[in-house]
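The chain contents come next:
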Amino acid sequence: MTAFKSDFLNILQERGFVHQCSDFEGLDALAARGEAIAYVGYDCTARSLHIGNYLTMMMLYWLQQSGNQPITLMGGGTTMVGDPSGKDETRALRSIAEIEANKASIRGVFSKVLRYGEGKSDAIMLDNAEWLTKLNWIEMLRDVGRHFSVNRMLAMDSVKLRLEREHEMSFIEFNYMVCQAYDFVELSKRVGCRLQMGGSDQWGNIVNGVELCRRKDGAEVFGLTTPLLTTASGRKMGKTETGAVWLNEDLCSPYDYWQFWRNTEDEDVGRFLRLFTDMPLDEIGRLEDGMK
């Protein structure tokens with residue numbers, strides 16, 4: 001196990017968050033100085049976030065606990081396009097009214113994990129609709145689109161897998177990765193954001209953002225992903241017989257939420273405690289030893 005200089009990367013590695021990084025050395029130095037401003041994007045496709053989103057929220061939590069600044073980016077603009085990652089069919093386009101309602105319903109959950117305010121490491125919340133909905137199409141093609149290779153875009157898993165299965169991909173979905181990459185450019189210029197984080201299924205999109213920042217502005221930025229989780233029995237983490245485990249209590253009661261964690265397979269208890277709680281590692285180790 002690599003020893004990092006920064007508390008941030010050491011914590012994430014010890015707890016099992018780290019999967020891919022565009023430049024460990026550069027990011028480690030940035031975080032060690034307390035200068036890592038990082039974001040995770042959350043599209044507003046439903047009235048609530050779910051357990052999978054909670055994983056990246058915990059990455060932002062540890063970023064903040066280590067003296068760096070988190071950004072929660074609401075996807076008011078990207079939700080209008082639809083992320084094709086992991087999907088065999090085109091997402092249903094949502095109305096602006098539905099997106100706004102979902103956005104309002106989602107916002108409150110972040111303050112249960114992150115501290116918002118005016119301090120150096122206090123979280124901030126932004127919405128990519130602020131810039132994506134104001135773009136001029138021709139200017140976008142000339143200023144941003146010219147930096148993308150269609151050959152490479154076709155090789156991205158989100159596109160390639162859909163085409164290999166002979167499932168249709170709409171032109172609007174094909175542009176999602178461009179919009180996400182442009183988010184990074186805007187956040188870099190507006191608030192000095194230097195890091196984008198997400199699940200490993202977002203790696204291609206994140207790398208596109210890193211490269212677009214470098215090509216357009218010469219900015220040194222970074223990407224970091226966490227593994228997509230499955231349970232010991234191979235099921236997708238956060239899924240039950242009745243569907244996703246939501247974070248909003250009007251969609252998942254406190255009892256049902258508690259029951260989901262109560263039913264965790266023994267083999268997963270230690271791993272999930274490291275990822276989804278701030279319980280000290282030695283205490284988690286003691287609990288694991290007691291289960292053997």
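Please refer to the structure higher up on the page.
Source: prediction; values computed, not measured.

(A) Molecular detail of the sheet that holds strand β2 (residues 37-43). Strand order in the open sheet made by the six strands is β1-β6-β5-β2-β3-β4, with mixed pairing throughout. One side of each edge strand has no neighbouring strand; the edge strands of this open sheet are β1 (20-21) and β4 (124-127). By the bridge criterion, two bridges tie β1 to strand β6 (residues 222-226) in an arrangement that is antiparallel. Among the inter-strand pairings, Gln20 is bridged to a residue of β6, identified as Thr225. Sheet strands touched by helix α10 (residues 176-191): β2, β3 (69-75), β4, β5 (195-199) and β6. Its angle to β2, the strand with the most contacts, is close to 145 degrees.

(B) A look at the nonpolar core. By size, the foremost hydrophobic cluster in this structure holds 47 residues, and its most contacted members are Phe8, Met57, Met197, Leu224 and Phe276. Where this core is concerned, the elements lending two or more residues are α1 (7-15), α2 (24-32), β2, α3 (51-65), α4 (96-107), β5, β6 and α13 (269-276). In terms of residue count, α3 provides more of this core than any other element does, 10 residues in total. With residues up to four places along the chain from it excluded, the contact list for Phe8 reads Ala31, Met59, Trp62, Leu63, Ser66, Asn68, Leu195, Met197 and Leu224.

(C) Quick peek at the pairing of β6. Of all five residues in β6, five are buried, a share of seventy percent or more. Judged by which residues are buried, β6 turns out to be covered on both faces: Phe222, Leu224 and Thr226 on one side and Gly223 and Thr225 on the other are all buried. Where β5 meets β6, five bridges bridge the pair, whose relative direction is parallel. Within the sheet, the bridge partner assigned to Gly198 lies in β6 and is Thr225. In this fold, β5 hands off to helix α11 (residues 203-217), which returns the chain to β6; that crossover is right-handed.

(D) Looking closely at α1. Across the nine residues of α1, seven count as buried, placing the element largely inside the fold. Of the positions making up α1, those classed as buried are Phe8, Leu9, Asn10, Ile11, Leu12, Gln13 and Arg15. Where the residues of α1 are buried, they touch α2, α3, β5, β6, α13 and α14 (281-291). Directly beyond the C-terminal end of α1, a positive phi value near 95 degrees is found at Gly16.

(E) Molecular detail of the packing of α13 against α14. Packing of α13 against α14 leaves a shortest axis separation of 9 Å and a crossing angle of 165 degrees. Here α14 runs roughly antiparallel to α13, going by the angle between their axes. With respect to the hand of their crossing, α13 and α14 are arranged in right-handed fashion. In this structure, α13 uses Val269, Gly270, Arg271, Leu273 and Arg274 to contact α14, whose residues at the interface are Leu281, Ile284, Leu287, Glu288 and Met291. When the residues that make up the contact of α13 with α14 are grouped by side-chain class, the tally is six nonpolar, one polar and three charged.

Conventions adopted
- Residues numbered from 1 in each chain as written.
- Predicted model: local features only at pLDDT ≥ 70, side-chain atom pairs only at ≥ 80, totals over all residues.
- Heavy atoms only, no water.
- Pairing = 2+ DSSP bridges.
- Helix = DSSP H or I, 4+ residues; strand = E, 2+ residues; numbered from the N terminus.
- Contact = heavy atoms within 4.5 Å.
- Axes fitted to C-alpha atoms, helices over the stretch in contact; angles between N-to-C directions.
- Core = buried A, V, L, I, M, F, W, Y, C linked by side-chain atoms within 4.5 Å.
- Buried < 20%, exposed > 50% of the residue type's maximum accessible area, 1.4 Å probe, protein only.
- Right-handed = clockwise from strand over helix to strand, strands pointing away.
- Parallel < 35°, antiparallel > 145°, perpendicular 65-115°, else oblique.
- Left-handed = near helix turned anticlockwise from the far one by under 90°.
- Nonpolar A, V, L, I, M, F, W, Y, C, P; charged D, E, K, R; others polar.

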